[in-house]
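# Descriptive analysis of the structure
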Amino acid sequence: MKSQTKSVRQSVSLPSSLAMRVRHLAEKRKASANRVLVDLIEAGLRSKDAEKEYFFSLTSQLAAIHRSRERRRIKKELARITFGAQ
């Protein structure tokens, strides 16, 4: 079980369509909308951290690889991550 830290009350305004999706998801999970929001935020933060780790692993690979074909592939992947799908 996760260790609980002190909770901080935070007010967030959501677009009505997003709030409706959160409520619907909460009903399906038989959980509160607050719990669903916390879970979604935690998942989003984990995703961002994983994305950052992947980016830095690619930069390390780029520094270590000397084959031009592989370097081009890694550079393209870094550009895609940085600037979006092209």
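A few points on the structure.

How each quantity is defined
Residues numbered from 1 in each chain as written. Predicted model: local features only at pLDDT ≥ 70, side-chain atom pairs only at ≥ 80, totals over all residues. Heavy atoms only, no water. Salt bridge = Lys/Arg side-chain N within 4 Å of Asp/Glu carboxyl O. Helix = DSSP H or I, 4+ residues; strand = E, 2+ residues; numbered from the N terminus. Buried < 20%, exposed > 50% of the residue type's maximum accessible area, 1.4 Å probe, protein only. Core = buried A, V, L, I, M, F, W, Y, C linked by side-chain atoms within 4.5 Å. Contact = heavy atoms within 4.5 Å. Phe/Tyr/Trp six-rings, centres within 6.5 Å; stacked < 30°, edge-to-face > 60°.

Across all of its chains, the model carries 5 salt bridges by this definition. Across the pair Glu51 and Lys48 runs a salt bridge, and its minimum N-O distance is 3.8 Å. Here Lys48 and Glu51 lie together in helix H2 (residues 33-64), a separation of 3 residues that amounts to about one turn. The exposure class assigned to Glu51 is partly exposed, which follows from its relative accessible area of 41%. Judged by its relative accessible area of 54%, Lys48 falls in the exposed class. Residue Glu70 is joined to Arg73 by a salt bridge in which the shortest nitrogen-to-oxygen separation is 2.7 Å. Remark: Arg73 and Glu70 occur in helix H3 (residues 68-83); sequence separation between them is 3 residues, near one turn of the helix. Among the residues examined, Glu70 registers a relative accessible area of 21% and is labelled partly exposed.

A word on the nonpolar core. Ranked by size, the top nonpolar core spans 5 residues in total: Leu58, Leu62, Ile65, Ile74 and Leu78. Taken together, the elements giving at least two residues each to this core come down to H2 and H3. Leave out the neighbours within four places in its chain, and Leu78 touches Phe55, Leu58, Thr59 and Leu62.

Of note, Phe55 is situated in helix H2. Sequence-distant contacts of Phe55, that is, excluding residues within four places in its chain, are made with Leu78, Ile81 and Thr82.

This part is about the packing of aromatic side chains. Applying the stated rule across the entire model yields 1 aromatic pair. Relative to Phe56, the ring of Phe55 lies with its centre 5.5 Å away and its plane at 80 degrees, an arrangement referred to as edge-to-face.

The quantities given are spatial measurements derived from coordinates; they are silent on function.
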